[in-house]
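Architecture at a glance
These are the residues of each chain, in order.
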Amino acid sequence: MTAQPRPARFLAAGDTALVIEFGDQVDRAVNDRVIALSGAIAAARIPGVVELVPTFRSLMVHYDPLRVSHDELEAAVVPLLGAAGSVRHRERFFTLPVSYGGEHGPDLAEVAERTGQAPADVIRLHTAEVYHVYALGFLPGYPYMGDGPEALSLPRRATPRLRVPMGSVSIAFRQVGIYPLESPAGWHLLGRTPVRLFDPRRENAVLFAPGDKVRFEPISAETYDRLAEDAAAGRLDLRPSGEAA
Amino acid sequence: MSAAALRVIQPGLHTTIQDLGRVGFQHLGIPVSGALDPIALRAANVVVGNPQDTAGLEIAVMGPVLEIEAESTRVAVAGLGSRLVIEAADGAHRDIPPLQSARLARGDRIRIMAASNSAVTYLAIEGGLAVQPFLGSLSTYVRGGFGGMDGRALLAGDRLPLAAETVDSRAEMQLAGFDLAPASEARVILGPQDDYFEPDAIENLTGTPYAVSREADRMGIRLEGEPLPHSKGYNIVSDGIAPGSIQVPGSRLPIILLADRQTVGGYPKIASIISADLAAIGRLLPGMSLRFRIVTIAEAQTARRQLEQAMASLAARLIAVRPDGPDLDRLYDSNLISGVIDGASDPVLPD
């Protein structure tokens, strides 16, 4: 039994953004409503809507207050809330190569030890899931993904690292994040992907979009090196492999 | 491809190319960026005859020295207490006040004296820069390494390509009485997470002034003053961040989020600065004082309409600078005449 969905709340974020909030927790059903409403508002072409930013549990609608007022926008969104429960958007499915452990995943051994698994089982568990991109943020192209297996759930590291390399695949609790740029990071690093999640030289500068589905595929450190060279030269792009079920 | 350019002789402390921002990609985690003080950039553009959204240079603390590598160009600076010093190829010096245009010739050098009473100064260039946009904008986002000049602040030796090889000879223009003062009071709308705070927090926010700390940059400014106590902890599941959002982390002190803010964040936001007051927030320097006053969304939207009406009529407020003005100034400087004209520093000479 799932709980009855909570009614949407309309909140003001200043005079140029409206928040439509469906919940206050990380929850797939809530996020599906957010992404569906984003699609419905985009399709409705409401005058004055400037951008739509889906997050885990709410949609931020940035608007031009010279073209539409907060109240007018709210009135235009209300009839679309129903659609948000039923509309399914086209899902894209990606398989992302990851080199696990060693210098690419310096926390693999510790995660294995703390969760009582063999390192190979950590990789097996991590690659067995299909992950959902809840939202992007924190850095250009940074995907907030979930949900990882309960067996690998750990709190954040006690001491964050000041810099981790681009492409690091990290976990905390049941979430997965991949750093598109070198960045400070407080999560556990399992591996590294040679694919650039953000590359301004590419036509699709950002690889993932909210709602995408992603699976990880283990590759060797040698394969990583080869693909990383291609990525550096701008020759590596990842295309969606098909529609998710 | 125009060969016209501005050559960077000295880059200044942190000079970046900015326009009004990279809109439409926040859902991919790409911040909007753009001018911290869009009103100043827009006004400077009007003075040189550009569309208001043309990209210019944003200058912080110490301005650059640039050399003109074009037949001619026209520029203007904006920023409270800023100034343009022209070192002409023939050795003559001219001082141009903010919001006044000046035509420059090949070999002239300009030294931009950054605003003394504002965090940012802008240089607008007639015709704009011939720099490749990224995702529709020339704005530089240094943290992500994209936009503007290779995604970074200017360096000595850079060549900023100009869209126009030359500009018309015409009367120079001045925009008088235009307010570029930093905010001393900002109007806010409560929310979206005002229900994450104790009632005291709302009273503290509006009851006492806050001081701008030294931690102030293009991402945001951290304020010092009365703490704003949370009622349900200081972690929320990340949600969207609007321009001017006031987030309150575990320190219980407010941070105003500005142009380079992240697109989503996980701290409760007690209130947001209204859009009409945001440019004057971008001008704040460490140590300055700021009060908050709560208004309704309807009041905020009226204020924004009034601001945009004023901005739409800026071109009609331009006054021609007498063409002999600069020459007389030069004579005055070299003591050929003296004491004849009161207020000789005023570029508009009395008839």
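Residues numbered from 1 in each chain as written. Chains lettered and ligands numbered in written order. Predicted model: local features only at pLDDT ≥ 70, side-chain atom pairs only at ≥ 80, totals over all residues.

Things to note about the overall build of chain A
What chain A contains, in helices and strands, is 6 helices and 14 strands. The globule rule puts the C-alpha radius of gyration for 245 residues at 18 Å, and the 19 Å found for chain A is close to it. Viewed in the frame of its principal axes, chain A has a C-alpha envelope of about 55 × 45 × 35 Å. Within the span of chain A, comprising 245 residues, buried residues form 46% of the whole. Of all intrachain contacts in chain A linking residues separated by at least 6 positions in sequence, the fraction that spans at least 24 positions is 64%. (Helix = DSSP H or I, 4+ residues; strand = E, 2+ residues; numbered from the N terminus. Rg over C-alpha atoms; globule rule 2.2 N^0.38 Å. Buried ≥ 20, exposed ≤ 12 C-beta atoms within 10 Å, placed from the backbone. Contact = placed C-beta atoms within 7 Å.)

So, the overall build of chain B
Looking only at helices and strands, chain B features 5 helices and 22 strands. Rg of the C-alpha trace for chain B: 22 Å, near the compact-globule value of 20 Å for 351 residues, within the 12% margin. The principal-axis extent of the C-alpha atoms belonging to chain B is close to 70 × 45 × 35 Å. Burial analysis of chain B (351 residues in total) assigns 51% to the buried set.

Brief notes about the nonpolar core
By size, the foremost hydrophobic cluster in this structure holds 164 residues, and its most contacted members are A44 and Y122 of chain B. What Y122 of chain B contacts, discounting residues up to four positions off in sequence, is A35, A40, L41, A44, G56, L57, E58, I59, V77, A78 and G79 of chain B. (Core = buried A, V, L, I, M, F, W, Y, C linked by C-beta atoms within 7 Å.)

What about the sheet that holds strand 2 (residues 14-18) of chain B?
Residues and elements named next belong to chain B. In spatial order, the strands read 2-3-10-5-8; together these 5 strands make up an open sheet with antiparallel pairing. The strands lining the two open edges of the sheet, one partner per strand, are strand 2 and strand 8 (102-105). When strand polarity is set aside, the average angle formed by the axes of neighbouring strands in this sheet is 30 degrees. Inspection of the sheet shows strand 5 (residues 72-78) paired to strand 10 (residues 120-125) by 4 bridges, in the antiparallel sense. (Pairing = 2+ DSSP bridges. Axes fitted to C-alpha atoms, helices over the stretch in contact; angles between N-to-C directions.)

Quick word on the domain arrangement of chain B
Residues and elements named next belong to chain B. Along its sequence, chain B is organised into domain 1 (5-176 + 318-333) and domain 2 (185-310). Once you take the C-alpha centre of each, domain 1 and domain 2 turn out to be 30 Å apart. Taken together, the contacts link 18 residues of domain 1 with 12 residues of domain 2. If one sorts the elements of the side of domain 1 that touches domain 2 by residue count, helix 1 (residues 38-47) sits on top with 3 residues. Tallied by class, residues from the side of domain 1 that touches domain 2 come to 10 nonpolar, 6 polar and 2 charged. (Domains from an automatic or database assignment. Nonpolar A, V, L, I, M, F, W, Y, C, P; charged D, E, K, R; others polar.)

Here we look at the pairing of strand 9 (residues 168-172) of chain A
All names here are of chain A. Of all 5 residues in strand 9, 4 are buried, a share of seventy percent or more. Two elements, strand 9 and strand 12 (residues 188-192), share 4 bridges in a ladder whose sense is antiparallel. Across the sheet, the residue bridging to S168 is R192, located in strand 12. Relative to strand 10 (residues 175-178), strand 9 runs antiparallel, the two being bridged by 4 bridges. Its bridge partner being in strand 10, I171 is matched across the sheet by V176. The turn linking strand 9 back onto strand 10 is made up of 2 residues, and F173 within it adopts a positive phi angle of 50 degrees.

Observations regarding the domain arrangement of chain A
Residue and element names in this part refer to chain A. With domains assigned, chain A is organised as domain 1 (9-86) and domain 2 (92-243). Computed from C-alpha coordinates alone, the two centres of domain 1 and domain 2 are separated by 29 Å. Taken together, the contacts link 7 residues of domain 1 with 7 residues of domain 2. Per element, the largest residue contribution to the side of domain 1 that touches domain 2 is 3 residues, and it comes from helix 1 (residues 28-44). Tallied by class, residues from the side of domain 1 that touches domain 2 come to 4 nonpolar, 2 polar and 1 charged.

With respect to the pairing of strand 14 (residues 210-216) of chain B
Sheet faces and side chains relate simply in a regular strand, where the side chains alternate between the two faces. Residue and element names in this part refer to chain B. Two strands pair when backbone bridges link them, and strand 14 and strand 21 (residues 289-294) are joined in this way by 2 bridges, in the antiparallel orientation. Pairing of A211 across the sheet is with S289, part of strand 21. Note: strand 14 against strand 15 (residues 220-224), 3 bridges, orientation antiparallel. Note on strand 15: the bridge partner recorded for V212 is L223. In this structure, the hairpin formed by strand 14 and strand 15 is closed by a connection of 3 residues.

Observations concerning unusual backbone geometry
The peptide bond linking G146 of chain A to D147 of chain A adopts the cis configuration, its omega dihedral lying at -5 degrees. Position of D147 of chain A among the secondary structure elements: in the loop between strand 7 (143-146) and strand 8 (161-164). Of note, the amide linkage connecting G191 of chain B to P192 of chain B takes the cis form, showing an omega dihedral of 5 degrees. Relative to the helices and strands, P192 of chain B is located in the loop between strand 13 (185-190) and helix 2 (199-207). Its identity is not glycine, yet F138 of chain A carries a phi of approximately 70 degrees, on the positive side. Inspection of the secondary structure puts F138 of chain A in the loop between strand 6 (131-136) and strand 7. Judged by the 21 C-beta atoms lying within 10 Å of it, F138 of chain A is buried. Phi is positive for L135 of chain B, which is not a glycine, with a value near 50 degrees. Turning to its location among the elements, L135 of chain B is positioned in the loop between strand 10 and strand 11 (159-161).

Quick look at helix 5 (residues 119-128) of chain A
All names here are of chain A. Those residues of helix 5 not exposed but buried are V122, I123 and H126. Mapping the buried residues of helix 5 onto a view down its axis gives an arc of 95 degrees, with all of them on the same face. On its buried face, helix 5 sits against strand 5 (92-100), helix 4 (108-115), strand 12 and strand 13 (213-219). (Arc of directions from axis to C-beta.)

Examining the interface of chain B and chain A
With 37 residues of chain B in contact, the opposing surface of chain A contributes 39 residues. Within the residue set of the side of chain B that touches chain A, elements represented by two or more residues are strand 16 (239-240), strand 20 (269-273) and helix 4 (297-312) of chain B. By residue number, the principal contributor to the side of chain B that touches chain A is helix 4 of chain B, which donates 6 residues. Its residues placed into classes, the side of chain B that touches chain A shows 17 nonpolar, 15 polar and 5 charged.

Quick look at the environment of S137 of chain B
Residues and elements named next belong to chain B. Mapped onto the fold, S137 is located in the loop between strand 10 and strand 11. What makes S137 buried here is the crowd of 26 C-beta atoms within 10 Å. A C-alpha to C-alpha distance of 6.3 Å links S137 and G21, two positions 116 residues apart in sequence. Other than its neighbours up to four places away in sequence, S137 contacts D19, G21, R22 and G147.

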